[in-house]
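Each chain, letter by letter, is given below.
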Number of protein chains: 2
Amino acid sequence: MRLIVARCEVRYSGRLEALLPEALRLLMVKSDGSVMVHADTGGFKPQNWMTPPTVFELERGGEPVPGEDPALAAGRTADGQPVDGDGDGDRAPLTRIVVRKRAGSTEDRLDIRIVEVLSDVVHDMGEAAALEKSGVERELQELLAGAPEHCGEGFRLVRREWPTDIGPVDLMCRDPDDGWVAVEIKRVGTIEAVEQLTRYLERLREDPGMGEVRGVLAAQQIKPQARTLAESRGMDWVEVDLAVLRGEREPALTLFDV
Amino acid sequence: MRLIVARCEVRYSGRLEALLPEALRLLMVKSDGSVMVHADTGGFKPQNWMTPPTVFELERGGEPVPGEDPALAAGRTADGQPVDGDGDGDRAPLTRIVVRKRAGSTEDRLDIRIVEVLSDVVHDMGEAAALEKSGVERELQELLAGAPEHCGEGFRLVRREWPTDIGPVDLMCRDPDDGWVAVEIKRVGTIEAVEQLTRYLERLREDPGMGEVRGVLAAQQIKPQARTLAESRGMDWVEVDLAVLRGEREPALTLFDV
DNA sequence: GCCTGCAGCTTGTGT
DNA sequence: ACACAAGGTGCAGGC
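To keep things clear, this report deals only with the structure shown in the data block. (Residues numbered from 1 in each chain as written. Chains lettered and ligands numbered in written order. Predicted model: local features only at pLDDT ≥ 70, side-chain atom pairs only at ≥ 80, totals over all residues. Heavy atoms only, no water.)

Notes on the protein's contact with DNA strand D
The environment of DNA strand D is made up of 15 residues, and the closest members are G42 of chain A together with R15, N48, W49 and I191 of chain B. The sugar-phosphate backbone supplies 69% of the atoms of DNA strand D found within 4 Å of the protein. Residue G42 of chain A places a main-chain N or O atom 3.0 Å away from a phosphate oxygen belonging to DNA strand D. Taking N48 of chain B, its side chain carries an N or O atom lying 2.4 Å from a base oxygen of DNA strand D. Examining the composition of the surface near DNA strand D, we find that three residues originate from one element, strand β4 (residues 48-50) of chain B, more than from any other. (Near = heavy atom within 4 Å. Polar contact = N/O pair within 3.5 Å; in protein donor to acceptor, adjacent residues only side chain to side chain. Helix = DSSP H or I, 4+ residues; strand = E, 2+ residues; numbered from the N terminus.)

Shown next as structure tokens:
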């Protein structure tokens, strides 16, 4: 994420035309290409913004700088350090950022004319923060945390959101033999979910204190391709019934209830 | 504006319960008391937030710090400088920020548990200039009010925002035969817009003094399904060109200009 | 202050 | 890709 505090004028053209007169603002550029222009007041909403996918054009000292992409700067700059070229380095100061986006027949365009850069820093935040769960997935996790035996016979919960450096494992459990089990929870279990669980297991198995770790994919619905892939990688999978977890229905009945 | 980059876990409780697992995030605190928690993906929307008015509670080194208000820090810290207490100063590191807000009978609460502060700076941005924008439904309505013939041949405006007990009709006009016409204006005409116009017409036709009332949906863009539904209900629809309304382009040209 | 309707809504979910 | 529905909607304008 790149954070630029600058005196700037911003023009948006697309669905409508908008002009922000010159003032001090925060320009936030996320690594997914999002751009937000925030004032120090005005609450929740940015004064201007652009959602991905975006294309950037930069100018330094009034001259175009091809190839410099603010959204990718995080990978090329020391973490938390000022970006070279904020006016006190050997490069010309940043004078313009144009953010463009294809929007059907027309084009959305955010034109940021920068008068003065007060700060320009980049932070590499990793990917862990990106994983946020939908309402159903979250409820599933809560219910399964309270009844981990639905993920596997005799499972006991050790911790929800077990942290790893590539993101949190939904549930970390122990099986009846005290073996570790990583449980990945999804509303719909796809191949992508199996891949995710695979990455977690790789990571966890590198920890010598953990030794063998089993993997279980738990979801309301698991696609046939995901079942096959999980089995071929030695993982278990289980389809869970939300109504049963909520105690609204008897587990046995579901066998004949579909 | 205070910008804190920190490894943190965030809990929200209010309308719902939400947990953001421990990860690196940006905490943005505006001087109006707004708080936003951003990951470096996920576009426009913060992962968590609180709109003003808010009350803050801070902890440093696990101990409460009464009286320190992040939203007001901008007035008490040198511009662009790190806030004292980020771990390398003489104060204990920031370990927790609780943002509270009265919300009716219950309370909204954002609980940010901070594991590590990577950066903590304050910028005084002064007063931000207001946004100037045009092109929204408002402008469409103004332009069409000034040139109602774009809604239908020979239309004369009777009044904008014609009041009914289920809401105002955007434009009420008379056609060349002095028949009433209700015009609903949207930027994008969807089925929902047709439904809305339908409700207005139902209401207006109950008025014996009005008699027959035609309906016209006018929008910059009208979805195919909306066109079909409008036609099947005997309403007219018209796509209007903002450039033409503004007089920037010749109406006739648009017939061949698409 | 409450309420209503718009928003460059944004975002998810199903078709 | 597109239509639909919900949002911790946020936000402004009218009463």
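A short note on the protein's contact with DNA strand C
The environment of DNA strand C is formed by 21 residues, the closest being R15, N48 and W49 of chain A together with K133 and R187 of chain B. In DNA strand C, atoms within 4 Å of the protein come from the sugar-phosphate backbone in 71% of cases. In the environment of DNA strand C, a base nitrogen lies 3.3 Å from a nitrogen or oxygen atom belonging to the side chain of Y12 of chain A. At a separation of 2.4 Å, a base oxygen of DNA strand C approaches a polar side-chain atom of N48 of chain A. Examining the composition of the surface near DNA strand C, we find that three residues originate from one element, strand β4 (residues 48-50) of chain A, more than from any other. Of the residues that constitute the surface near DNA strand C, the class distribution is seven nonpolar, five polar and nine charged. (Nonpolar A, V, L, I, M, F, W, Y, C, P; charged D, E, K, R; others polar.)

Regarding the interface of chain A and chain B
The interface is formed by 48 residues belonging to chain A together with 46 residues belonging to chain B. For the pair chain A and chain B, the summed buried area comes to about 4100 Å², and 62% of that belongs to carbon and sulfur atoms. Joining chain A to chain B, the criterion identifies zero salt bridges. When contributions to the side of chain A that touches chain B are tallied by element, the ones reaching two or more residues are β1 (2-13), β2 (17-29), β3 (35-38), β4, β8 (106-122) and β9 (156-162) of chain A. The pairing of β2 of chain A with strand β9 (residues 132-134) of chain B spans three bridges and is classified as antiparallel. Note that in β9 of chain B the partner of L19 of chain A across the bridge is E132 of chain B. (Contact = heavy atoms within 4.5 Å. Buried area = accessible area lost by both parts, 1.4 Å probe. Salt bridge = Lys/Arg side-chain N within 4 Å of Asp/Glu carboxyl O. Pairing = 2+ DSSP bridges.)

Overview of the sheet that holds strand β14 (residues 236-239) of chain B
All names here are of chain B. One open sheet holds the five strands; their spatial order is β10-β11-β12-β13-β14, and the pairing between them is mixed. Whereas interior strands pair on both sides, the edge strands pair on one side only; in this sheet they are β10 (156-162) and β14. Between one strand axis and the next, the sheet turns through 25 degrees on average, direction left out of account. Relative to strand β11 (residues 169-174), β10 runs antiparallel, the two being bridged by five bridges. When the sheet's bridge partners are listed, W162 is paired in β11 with V169. (Axes fitted to C-alpha atoms, helices over the stretch in contact; angles between N-to-C directions.)

Examining unusual backbone geometry
Residues and elements named next belong to chain A. Cis geometry marks the peptide bond from P52 to P53; its omega dihedral reads 0 degrees. Position of P53 relative to the elements: it lies in the loop between β4 and β5 (55-60). Its identity is not glycine, yet E161 carries a phi of approximately 55 degrees, on the positive side. Counting through the fold element by element, E161 comes out in strand β9. The exposure class of E161 is buried, given its relative accessible area of 4%. (Buried < 20%, exposed > 50% of the residue type's maximum accessible area, 1.4 Å probe, protein only.)

Things to note about the packing of helix α2 (residues 191-205) of chain A against helix α3 (residues 224-232) of chain A
Residue and element names in this part refer to chain A. Interaxial distance between α2 and α3 falls to 8 Å at its minimum, and their mutual angle equals 25 degrees. Between α2 and α3, the interaxial angle falls into the category roughly parallel. Only Q225, A226, L229 and A230 of α3 make contact with α2, whose side of the interface consists of I191, V194 and E195. Within the contact of α2 with α3, the residues separate by chemical class into five nonpolar, one polar and one charged. (Parallel < 35°, antiparallel > 145°, perpendicular 65-115°, else oblique.)

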